[in-house]
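Observations on the model geometry
Residues per chain, in single letters:
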There are 2 protein chains.
Amino acid sequence: MPEGKGVEAELRQANERFYRAFESLDLGRMEEVWLTDAAVTCIHPGWTLRAGWPEVRESWALIFGNTEMIRFAVTDVETFVRGTCGWAICLENILSATGGVALESRVLATNIFERREGRWALVHHHGSPVVTAAPPVRRPRVH
Amino acid sequence: MPEGKGVEAELRQANERFYRAFESLDLGRMEEVWLTDAAVTCIHPGWTLRAGWPEVRESWALIFGNTEMIRFAVTDVETFVRGTCGWAICLENILSATGGVALESRVLATNIFERREGRWALVHHHGSPVVTAAPPVRRPRVH
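What comes next is a walk through the structure. (Residues numbered from 1 in each chain as written. Chains lettered and ligands numbered in written order. Predicted model: local features only at pLDDT ≥ 70, side-chain atom pairs only at ≥ 80, totals over all residues.)

Regarding the overall build of chain A
The secondary structure content of chain A amounts to 3 helices and 6 strands. Counting from the amino terminus, helix and strand elements in chain A follow one another as α-α-β-β-α-β-β-β-β. The buried share among the 143 residues of chain A stands at 39%. (Helix = DSSP H or I, 4+ residues; strand = E, 2+ residues; numbered from the N terminus. Buried ≥ 20, exposed ≤ 12 C-beta atoms within 10 Å, placed from the backbone.)

Some thoughts on the environment of His 125 of chain B
All names here are of chain B. By the element assignment, His 125 lies in strand β6 (residues 119-129). On the neighbour-count criterion, His 125 (24 C-beta atoms within 10 Å) is buried. Those residues in contact with His 125, other than ones at most four positions away along the chain, are Cys 42, Ala 109 and Asn 111. (Contact = placed C-beta atoms within 7 Å.)

As for the environment of Leu 91 of chain B
All names here are of chain B. Along the chain, Leu 91 falls in strand β4 (residues 85-98). A tally of 19 C-beta atoms within 10 Å means that Leu 91 is categorised as partly exposed. Beyond its immediate chain neighbours, meaning those up to four positions away, Leu 91 contacts Thr 75, Asp 76, Arg 106 and Leu 108.

Some words on helix α1 (residues 5-24) of chain B
All names here are of chain B. Between its terminal C-alpha atoms α1 stretches 29 Å, which fits the 28 Å expected from 20 residues at 1.5 Å a residue. Among the residues of α1, Leu 11, Ala 14, Asn 15, Phe 18, Tyr 19, Ala 21 and Phe 22 are the ones counted as buried. Projected down its long axis, α1 carries its buried residues within an arc of 160°, all on one side. Turned more than 90 degrees away from the buried face of α1 sit Lys 5, Gly 6, Ala 9 and Gln 13, all of them exposed. Considering only its buried residues, α1 is in contact with α2 (27-33), β3 (69-82), β4, β5 (101-116) and β6. (Expected span 1.5 Å × (residues − 1). Arc of directions from axis to C-beta.)

Brief notes about the sheet that holds strand β2 (residues 50-51) of chain B
Residue and element names in this part refer to chain B. Pairing is mixed in the open sheet, where 6 strands are placed in the order β2-β1-β6-β5-β4-β3. Bordering the open sheet on either side are β2 and β3, each of which pairs with just one other strand. Strands in contact with α1 are β3, β4, β5 and β6; relative to β3, the strand with the most contacts, it is inclined by about 160°. (Pairing = 2+ DSSP bridges. Axes fitted to C-alpha atoms, helices over the stretch in contact; angles between N-to-C directions.)

Looking at the sheet that holds strand β5 (residues 101-116) of chain A
Residue and element names in this part refer to chain A. The strand order across the open sheet built from 6 strands is β2-β1-β6-β5-β4-β3, with neighbouring strands paired in mixed fashion. Whereas interior strands pair on both sides, the edge strands pair on one side only; in this sheet they are β2 (50-51) and β3 (69-82). By the bridge criterion, 14 bridges tie strand β4 (residues 85-98) to β5 in an arrangement that is antiparallel. Paired with Leu 91 across the two strands is Leu 108, which belongs to β5. Packed on one face of the sheet, helix α1 (residues 5-24) meets β3, β4, β5 and β6 (119-129) and runs near 160° to β3.

Re the pairing of β6 of chain B
A regular strand places its side chains so that they alternate between the two faces of the sheet. All names here are of chain B. Most of β6 is tucked away: 9 of the 11 residues are buried. In this structure, strand β1 (residues 41-43) lies alongside β6, joined through 3 bridges in parallel fashion. Counted as the bridge partner of Cys 42 is His 125 from β6. Relative to β6, β5 is paired through 10 bridges, and the arrangement is antiparallel. Bridge pairing in β6 places Arg 116 opposite Arg 119.

A closer look at helix α3 (residues 53-65) of chain A
Helix length check: α3 of chain A (13 residues) gives 18 Å between terminal C-alpha atoms against 18 Å at 1.5 Å per residue, within 8%. Contacts made by the buried residues of α3 of chain A are with α2 (27-33), β1 (41-43) and β2 of chain A.

Some words on the nonpolar core
Judged by nonpolar contacts, the single largest core of 70 residues is most densely connected at Phe 113 of chain A together with Phe 113 of chain B. Sequence-distant contacts of Phe 113 of chain A, that is, excluding residues within four places in its chain, are made with Leu 11, Ala 14, Gly 86, Trp 87, Trp 120, Ala 121, Leu 122 and Val 123 of chain A. (Core = buried A, V, L, I, M, F, W, Y, C linked by C-beta atoms within 7 Å.)

Digging into unusual backbone geometry
The phi angle at Asp 76 of chain A is positive, at roughly 55°, despite the residue not being glycine. In this structure, Asp 76 of chain A sits in strand β3. Residue Asp 76 of chain A is classed as partly exposed on the basis of its 13 C-beta neighbours within 10 Å. With a phi close to 55°, Leu 25 of chain B is a non-glycine residue in the positive phi region. Under the C-beta neighbour-count criterion, Leu 25 of chain B is labelled partly exposed, with 16 such atoms within 10 Å.

Right under this line is the structure:
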C-alpha cells in the first residue's frame with residue numbers, strides 16, 4: 001500500500017500538474033496527466049458526462065479550441081489517499097479569456113486519481129460552478 | 001482486496017441507499033449512509049465545500065428543512081471499485097417541491113465511498129447542475 005506523506009505529496013503534485021496542463025492549452029500535456037483508458041470520466045461545469053478517453057480528450061480539444069488564455073489559482077486543496085486510489089478536492093479561482101472577453105470564475109473540483117506504476121494518473125475530473133457565497137439556505141435553484 | 005462483481009453491486013446499492021435517504025428527508029437515515037468522521041466532504045450544486053461530518057450534516061439539515069418533497073430517478077450510473085475505495089457517477093433526474101413550487105432539474109453526481117467493515121460508506125458527494133444539452137462548444141459560462 002503506497003500510503004504516507006510522500007505519496008500524498010505526490011498526489012498534490014499530480015493535481016497541480018493537471019492545472020498546469022490546462023493552462024498550457026496543449027492536448028499532449030493534458031494527455032500525460034490522465035490514465036488514457038476506457039474507464040476515465042469527466043464532468044465540465046454545466047456539461048453532460050464524458051466517458052472513456054476519446055470522449056474526454058475531445059472535450060479538452062473543444063475547450064482548448066475555444067479558450068485564448070486561462071490561469072488557475074488553486075486554493076483550499078484537500079487530498080485523500082486510500083490505497084492505490086486518491087482524490088483531491090479544490091477551489092479553482094479562474095481568470096480566462098474567450099472571444100476577447102476576460103472572465104473571472106470559481107469552480108469547485110473533485111479530481112480522482114489512480115496510482116499506477118508509481119505515478120498518480122487522473123481518472124475522473126468533476127468541475128462545477130460556485131454560484132454564490134450567500135448562505136446556503138438561499139441556495140440557487142438547480143437547473 | 002474486496003474486488004469483484006459482488007462488491008461492485010454493493011457499491012450500487014449503497015449509492016441507491018443514499019438517494020432513498022435523500023428522499024426520506026430524514027437526517028438519521030442520511031447519517032447511516034455516510035462515514036461520519038472528519039474526512040468527509042460534500043459539494044451541493046452551487047454551494048461552497050462542506051468539510052467534516054458536522055458541516056456536512058448541517059448542509060443536509062438545511063436542505064431537508066427547505067424541501068417539502070424530493071424524488072430522484074437516478075440514471076446513467078457508472079461504478080468504479082479500486083480496492084477499498086469506490087465511486088459512482090450518475091445523473092440525478094429530480095422532481096422537488098419547495099415553497100409550494102414544483103421544480104424539475106438534472107444534477108450530475110460523483111459519489112465516493114470507502115469500504116469499512118464490509119459496507120460502503122459515503123465519504124464525498126459532489127452534485128452539480130446540468131445546464132444544457134446543447135453542444136459543448138456553446139457551453140455556458142461558469143460563474
